[in-house]
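# A closer look at the structure
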Amino acid sequence: IVGMRATGAIDPATQKPVTEISPAELTRLAAADLLIYQRKRDGQCHFGLITRDGSARIYSRKLEDKTSHFPLLVSALEELELPAKTLLVMELLVDRNGKDDFRATGELCRAGVTRAREAEHRLPVRLMLFDVLYYNGKPVWTDRYDRRWALLQSLTQVPKSSRITLPKVFHSYVSAMAIV
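From a predicted model like this one, the values you see are computed outputs, not experimental measurements.

## Topic: the overall build of the protein
Within the protein, the regular secondary structure consists of six helices and ten strands. Taken over 180 residues, the protein has a buried fraction of 38%. When contacts within the protein are restricted to residue pairs at least 6 apart in sequence, those whose partners lie at least 24 apart make up 67%. Of the roughly 10500 Å² that the protein leaves accessible, carbon and sulfur atoms contribute 53%.

Written as structure tokens, this is what we have:
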């Protein structure tokens, strides 16, 4: 479970997002309703790019082009009909009825094109979209997370494919921890 700071705090010294929050600050933010609790899934981070011509491409965290490995996931992204020059952050995972199979995910992500395509047809592979970095060619990654989250939700209101999912959101720390 990840509690994300909706205010998008940036460390002024490093210009990087704040990754640690003290218990007192966490309590204060929760009381002010400035946290978004989401379930962190056990997959592998990937990026989804909608190109200028509207086609989707999938890249690994190391920016290896995995588009040809996952034609079903590419089709699912294209069915969202997102605007060109949109860049998403997503978790590629094997979801076995709500339980993540990290071993299968790792094998799938390391596989060559032929094996990955065969596994994609056989396994319950999903893309969990969790952030938008660019939307319609405009950088949104500097905006507050709660606004990017709202944008992502609006873009995927009616997923046309069961292969696309969003993180489960909880309204409190107590409800989030109840699933652990």
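After that view, the rundown keeps rolling.
## Focus: the confidence of the model for the protein
Summing up the model confidence of the protein, the mean pLDDT is 85 and the portion of residues at 70 or higher is 86%. Per-element confidence in the protein is highest for strand β4 (residues 56–60), whose mean pLDDT is 97, and lowest for strand β1 (residues 2–5), whose mean pLDDT is 43. Within the model, the stretch residues 1–7 combines pLDDT values under 50 with 33 contacts to residues more than four positions away or in other chains.

## With respect to the packing of helix α2 (residues 71–79) against helix α4 (residues 113–122)
Axis separation between α2 and α4 bottoms out at 8 Å; the angle between their running directions is 65°. Together, Pro 71, Leu 72 and Leu 73 of α2 and Arg 117, Glu 120 and His 121 of α4 make up the contact between the two elements. When its residues are assigned to classes, the contact of α2 with α4 shows three nonpolar, one polar and two charged.

## Details of helix α5 (residues 145–155)
Because each turn of an α-helix spans 3.6 residues, side chains separated by three or four positions end up pointing in the same direction. Those residues of α5 not exposed but buried are Tyr 145, Arg 148, Trp 149, Leu 151, Leu 152 and Leu 155. Looking straight down α5, one finds that the buried residues subtend no more than 160° of arc, so they occupy a single side.

## Overview of the packing of aromatic side chains
Applying the stated criterion to the full structure yields one aromatic pair. Measuring from ring centre to ring centre gives 6.5 Å for Tyr 145 and Trp 149, while their planes differ by 20°; the resulting arrangement is stacked. Taken as a pair, Tyr 145 and Trp 149 lie in helix α5 at a separation of four residues, close to a single helical turn.

## As for the environment of Glu 78
Inspection of the secondary structure puts Glu 78 in helix α2. On the accessibility criterion, Glu 78 (33% relative accessible area) is partly exposed. Apart from the residues lying within four places of it in its own chain, the contact partners of Glu 78 are Gly 54, Ser 55 and Ala 56.

## A closer look at the nonpolar core
Of all hydrophobic cores here, the largest spans 33 residues; its most connected members are Ile 58, Leu 77, Leu 92, Leu 108, Leu 127 and Leu 129. Elements supplying a minimum of two residues to this core: β4, α2, β5 (86–96), α3 (102–110), α4, β7 (125–135) and α5. With five residues, the single largest contributor to this core is α5. Discounting residues that sit within four places of it in the chain, Ile 58 has contacts with His 46, Phe 47, Glu 64, Asp 65, Lys 66, Thr 67, Phe 70, Leu 73, Val 74, Leu 77, Met 90 and Leu 127. Counting residues in each nonpolar core, the second largest holds five residues, with Leu 29, Tyr 37, Phe 170 and Ala 176 among its members.

What counts, and where the lines are drawn
- Residues numbered from 1 in each chain as written.
- Predicted model: local features only at pLDDT ≥ 70, side-chain atom pairs only at ≥ 80, totals over all residues.
- Heavy atoms only, no water.
- Helix = DSSP H or I, 4+ residues; strand = E, 2+ residues; numbered from the N terminus.
- Buried < 20%, exposed > 50% of the residue type's maximum accessible area, 1.4 Å probe, protein only.
- Contact = heavy atoms within 4.5 Å.
- Areas by Shrake-Rupley, 256 points an atom, 1.4 Å probe, with all protein chains shown as cover.
- pLDDT = per-residue confidence, 0-100.
- Axes fitted to C-alpha atoms, helices over the stretch in contact; angles between N-to-C directions.
- Nonpolar A, V, L, I, M, F, W, Y, C, P; charged D, E, K, R; others polar.
- Arc of directions from axis to C-beta.
- Phe/Tyr/Trp six-rings, centres within 6.5 Å; stacked < 30°, edge-to-face > 60°.
- Core = buried A, V, L, I, M, F, W, Y, C linked by side-chain atoms within 4.5 Å.

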